[in-house]
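Here are the chains, one letter per residue:
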Amino acid sequence: MQTSEKQQKAIDLTHHLSDFARARRPSPLKELVRFFDNPDLITIANGTPSPEYFPFAAISGDALVPESFSVTNSPSESSLSWFWKLFGGARKEKTNTISIPKFADRPGELNLQTALQYGAATGLVQLQKFVHDFVERVYQPGYADWTILAHTGNTDGFSRLILTLCNPGEVFITEDWTYPSALASSEPYGIRPVGVPMDHEGLRADDLRMLLSEWDEAARGSKRPHVLYTVPVGQNPTGVTMGATRKKQIYDICVEYDVIIIEDDPYYFLQMGTYAAQFERRSQAIPSDPETWLANLVPSYVKVDYQGRVIRLDTFSKTIAPGSRLGFFTCSPQLAERLERAGETTSQAPCGFGQSLVTKLLTTWQYDGYVRWLQGLAAQYQARRDFLLDALAEEFHFKTSLGTTGAWKGSTVYTAHPKPQRGATMTEKFAMDDRPFFSLVPPTSGMFVWLKMHFDNVNGFKEGDAQTLEVKLWTKIAEAGVLFGPGRYFAAEEGSINPAEGHYRVSFSSATDKDFKKAVGILGKVIREFFQNPQ
């Protein structure tokens, strides 16, 4: 890791700012905040309610200890809930009480007087300090003057960014399958995505270079894009994860063509390694030493960023709770200043209740405790992924092959074929149609399994039917009691969809093992019937 003395400062990239961002001025009332550090200041300028009238003397909660979950890939703790119910209620959780007083007993102490008052768009001071230290130790930004500021979750962060960087009529680059809320938030402003094909590591560097080098403004109807939006770890929806070498290749291309990178990384700490079939699997411990575990994670784009052209989005939604509505940007000071101005007149600051509880939790756990918590989460999600894939392997006959095209090029592909049902005669087994139903690649990070349907094997299939069949099958499965995401929601450009394929995003993040088994059974029954008769 370079020290800040050896690193250069971020270059000036403010020419990327939108007209909207350039027009922003500091909120006049927020100009007063710079005087608030004076402890002897008598303030009669703002319309701030007196904290005496805040109806909370303190806020307390029972927080789980960082070691609450094992760091082995044994069955998930939630999968054992039936056991605890059978033998006397819920598993007893080990907790510590955390409490936030209304008024501070000592300087710098977290308190409700500050947390529940109108606050700075950058977030609570104590949270900023923890996050800054965490980013420095974990992500190791590659330039000297990076900074952080709070936002209310990555969807809010992206919405703020796209308006800060793009004008109406412009386009931004993304993977050809991507997060639908990013598409939905940019669409009303006339800011459109252009998709770049993926392989087993995500966005392809060669296709990105081709897109930028051959961009035709007249044919495309807009100038060459200068913003890249990417979900590089546990990519949503495909589940692929990008390594360090590919990130460096893409970063270098973005330097060459002057492109800003928005790194949306909510699943960064849910990196879980390669899936092994149940009969091949051994219980493996994730390295217990925090630094060893962290060193095994793929690096962030900010580590290779020496110019300040990466804006990283982090969220506590996947590591603490989505209802906290809290996350943070890591970026250059020039871009942070514009994002702060945007926050001052929109959300102002993340909710004080969420900020104070998350901050108290993190400062109680401290750095090592939080990392230990993250290790446990990674192991839990690995167990969930493995259980879902094991259940699918029991319901279908999987054949493996090496992927040769698209997002799965170079990956081990699992293709689901019909499996003889219990009670089938030998004649029925031999007569069984072996044409595949769907394929998948086990994700190494994130929360999702991406199914690619082989609708060309549906009885009576005609070219052009796939999109209709995707909706039909999704509707039948939903009516049977199982809901997952239709692939068309995630397409950056509808014209890029293969007419013989359909897709679904299946989450393994929250259902119980019992529900997974039931859902897979329903899925198998409906798919078998549908491929025989789609009407």
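Residues numbered from 1 in each chain as written. Predicted model: local features only at pLDDT ≥ 70, side-chain atom pairs only at ≥ 80, totals over all residues. Heavy atoms only, no water.

A. Structural view of the overall build of the chain. Counting secondary structure elements, the chain contains 16 helices and 17 strands. Counting the 535 residues in the chain, one finds 52% classified as buried. At a minimum sequence separation of 6, the contacts of the chain that also span at least 24 residues come to 76%. Of the roughly 24900 Å² of accessible surface on the chain, a fraction of 53% belongs to carbon and sulfur atoms. (Helix = DSSP H or I, 4+ residues; strand = E, 2+ residues; numbered from the N terminus. Buried < 20%, exposed > 50% of the residue type's maximum accessible area, 1.4 Å probe, protein only. Contact = heavy atoms within 4.5 Å. Areas by Shrake-Rupley, 256 points an atom, 1.4 Å probe, with all protein chains shown as cover.)

B. Spotlight on the packing of aromatic side chains. Applying the stated rule across the entire model yields 31 aromatic pairs. Relative to Trp373, the ring of Trp365 lies with its centre 4.9 Å away and its plane at 35°, an arrangement referred to as tilted. In this structure, Trp365 and Trp373 share a single accessibility class: buried. Through a chain of ring-to-ring contacts, three or more aromatic side chains come together here, namely Phe69, Phe130, Phe134, Tyr139, Tyr268, Phe269, Trp293, Trp365, Tyr367, Tyr370 and Trp373. (Phe/Tyr/Trp six-rings, centres within 6.5 Å; stacked < 30°, edge-to-face > 60°.)

C. Representation of the nonpolar core. In this structure, Phe134, Phe269, Leu392 and Phe438 are the most contacted members of the largest nonpolar core, which totals 129 residues. For this core, the leading source of residues is helix α13 (residues 352–395), giving 16 residues. Not counting residues up to four positions away in its chain, the partners in contact with Phe438 are Leu392, Phe396, Phe398, Tyr414, Thr415, Ala416, Leu451, Lys452, Met453, His454 and Ile527. (Core = buried A, V, L, I, M, F, W, Y, C linked by side-chain atoms within 4.5 Å.)

D. Broad picture of the sheet that holds strand β17 (residues 501–507). Here six strands make up an open sheet; going across it, the order is β12-β13-β14-β15-β17-β16 and the pairing antiparallel. Of all the strands in the sheet, the pair left with one neighbour each is β12 (397–402) and β16 (485–486). (Pairing = 2+ DSSP bridges.)

E. Seen up close, helix α5 (residues 154–165). For α5, built from twelve residues, the straight-helix expectation of 16 Å at 1.5 Å per residue is met to within 8% by its first-to-last C-alpha distance of 16 Å. If you check which residues of α5 are buried, you get Asn154, Gly157, Phe158, Arg160, Leu161, Ile162, Leu163, Thr164 and Leu165. (Expected span 1.5 Å × (residues − 1).)

F. Here's a closer look at the confidence of the model for the chain. In the predicted model, the chain carries a mean pLDDT of 88, and the fraction of residues at 70 or more is 89%. Note that pLDDT drops below 50 for residues 81–88; the model gives that stretch three contacts with residues more than four away or on any other chain. (pLDDT = per-residue confidence, 0-100.)

G. Helix α7 (residues 205–213), seen in detail. Among the residues of α7, Ala205, Asp207, Leu208, Leu211 and Leu212 are the ones counted as buried. Along α7, the residues classed as buried sweep out an arc of 165° about the axis, all on the same side. Of the surrounding elements, those touching the buried residues of α7 are β4 (171–175), β5 (192–196), β7 (202–203), α8 (217–220) and α9 (244–256). (Arc of directions from axis to C-beta.)

H. Representation of the packing of α7 against α9 in the model. Their axes nearest at 9 Å, the elements α7 and α9 cross at an angle of 10°. Overall, the two elements α7 and α9 adopt an arrangement that is roughly parallel. Contacts from Ala205, Leu208, Arg209 and Leu212 in α7 reach Arg246, Gln249, Ile250, Ile253, Cys254 and Glu256 in α9. Across the contact of α7 with α9, the residue classes break down as six nonpolar, one polar and three charged. (Axes fitted to C-alpha atoms, helices over the stretch in contact; angles between N-to-C directions. Parallel < 35°, antiparallel > 145°, perpendicular 65-115°, else oblique. Nonpolar A, V, L, I, M, F, W, Y, C, P; charged D, E, K, R; others polar.)

I. Broad picture of the pairing of strand β3 (residues 147–151). For β3, the tally of buried residues reaches four of five residues, placing the bulk of the element in the interior. Pairing of β3 with strand β11 (residues 327–331), which is carried by five bridges, proceeds in the antiparallel orientation. By the bridge assignment, Thr147 is partnered in β11 with Cys331.

J. Structural view of the pairing of strand β8 (residues 227–230). Side chains Val227 and Tyr229 of β8 all project onto a buried face; the interleaved residues Leu228 and Thr230 project onto the opposite face, where all are buried too. Bridge count between β8 and strand β9 (residues 260–264): four bridges; the pairing is parallel. Bridging from a neighbouring strand, Leu228 pairs with Ile261 of β9.

K. Region of the structure containing the side chain of Gln7. Residue position: Gln7 is located in the segment before α1 (19–23). Using a relative accessible area of 12% as the deciding quantity, one classes Gln7 as buried. Side-chain polar atoms of Gln7 contact the backbone oxygen of Pro141, separated by 3.0 Å. (Polar contact = N/O pair within 3.5 Å; in protein donor to acceptor, adjacent residues only side chain to side chain.)

L. Seen up close, unusual backbone geometry. For the peptide bond that leads from Asn236 to Pro237, omega is 25°, which places it in the cis range. At Gln140, a position not held by glycine, the phi torsion is positive, near 55°. Summarising the element assignment, Gln140 is placed in the loop between α4 (125–138) and β3. One non-glycine residue, Arg325, adopts positive backbone phi at about 45°. Looking at where Arg325 falls in the secondary structure, it is placed in the loop between β10 (310–315) and β11. On the accessibility criterion, Arg325 (36% relative accessible area) is partly exposed.

M. Spotlight on the pattern of salt bridges. In this structure the tally under the stated criterion is 23 salt bridges. Across the salt bridge formed by Arg209 and Glu256, the nearest N and O atoms sit 2.9 Å from each other. Of this pair, Arg209 sits in helix α7 while Glu256 sits in helix α9, and the two are 47 residues apart along the sequence. Overall, the relative accessible area of 34% leaves Arg209 in the partly exposed class. Between Glu394 and Lys517 there is a salt bridge; the shortest N-O distance is 2.6 Å. With Glu394 in helix α13 and Lys517 in helix α16 (residues 513–532), this pair connects stretches of sequence that are 123 residues apart. (Salt bridge = Lys/Arg side-chain N within 4 Å of Asp/Glu carboxyl O.)

N. Summary view of the environment of Thr238. Relative to the assigned elements, Thr238 resides in the loop between β8 and α9. Of the residues examined, Thr238 reaches a relative accessible area of 2% and is grouped as buried. Between the C-alpha atom of Thr238 and that of Trp177, which follows or precedes it by 61 residues, the distance is 7.4 Å. Among all residues touching Thr238, those that are not within four sequence positions of it are Trp177, Met198 and Trp450. Polar contacts involving the side chain of Thr238 include one to the side chain of Gln235, which spans 2.6 Å.

O. Broad picture of the side chain of Asp199. For Asp199, the position within the fold is in strand β6 (residues 198–199). Separated by 2.9 Å, the side chains of Asp199 and Arg246 make a polar contact. If sequence neighbours within four positions are ignored, Asp199 has contacts with Arg204, Val240, Arg246, Gly406, Ala407, Trp408 and Lys409.

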